[in-house]
Amino acid sequence: MSTPPPTSSLTPPPTQTLTSACPECDGPVRFDRAPLAGQVARCSDCGVELEVTSTSPLTLALAPDVEEDWGE
Ligand SMILES: [Zn+2]
């Protein structure tokens, strides 16, 4: 007497594919996982550096130029 267990409706894991638009070229910027505020990402379209200014909603801003290489 083997009664198969009732198949409970499996809820798929939430796909955390987060996408936001690049403020520079309006291209999609994807994150594999939920980004953290302050995280720096790079647009795969135009290559600009972006900073996550907010996580909900996901907001991206151009990262400040880190070319402060005015070393003496
Ligand atoms: Zn871009």
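In this text, all values refer to a predicted model and were calculated from it rather than measured experimentally.

Visitor: Got a sec to walk through the sheet that holds strand β5 (residues 58-62)? Specific residues and values, please.
Guide: Neighbouring strands of a sheet are bound in pairs by backbone hydrogen bonds; such pairs are parallel or else antiparallel. Spatially, the three strands line up as an open sheet ordered β3-β4-β5, and their pairing is antiparallel. The strands lining the two open edges of the sheet, one partner per strand, are β3 (40-42) and β5. Across the sheet, the mean angle separating the axes of adjacent strands is 40° when strand polarity is ignored. Bridge analysis of strand β4 (residues 49-55) against β5 gives five bridges, and the strand direction is antiparallel. When the bridges of β5 are listed, S54 appears paired with T59.

Visitor: I'd love a proper account of the environment of D45, names of residues and values included.
Guide: You can see D45 is positioned in the loop between β3 and β4. For the pair formed by D45 and P28, sequence separation is 17 residues and the distance between their alpha carbons is 7.9 Å. When sequence neighbours within four positions are dropped, the list of residues in contact with D45 reads C22, C25 and G27.

Visitor: Residue-level account of the nonpolar core, with values.
Guide: Within the largest apolar cluster, six residues are counted, these being C22, V29, C43, L50, V52 and L60. Not counting the four nearest positions on each side in its chain, L50 is found in contact with C22, V29, V40, A41, R42, C43, L60, A61, L62 and A63.

Visitor: Kindly report on unusual backbone geometry, identifying the contributing residues and their values.
Guide: Geometrically, the link from S56 to P57 is a cis peptide bond, its omega value of 0° lying close to zero. Turning to its location among the elements, P57 is positioned in the loop between β4 and β5. A positive phi angle is found at D26, which is not glycine, with a value near 65°.

Scoring rules and cut-offs
Residues numbered from 1 in each chain as written. Predicted model: local features only at pLDDT ≥ 70, side-chain atom pairs only at ≥ 80, totals over all residues. Pairing = 2+ DSSP bridges. Helix = DSSP H or I, 4+ residues; strand = E, 2+ residues; numbered from the N terminus. Axes fitted to C-alpha atoms, helices over the stretch in contact; angles between N-to-C directions. Contact = placed C-beta atoms within 7 Å. Core = buried A, V, L, I, M, F, W, Y, C linked by C-beta atoms within 7 Å. Buried ≥ 20, exposed ≤ 12 C-beta atoms within 10 Å, placed from the backbone.

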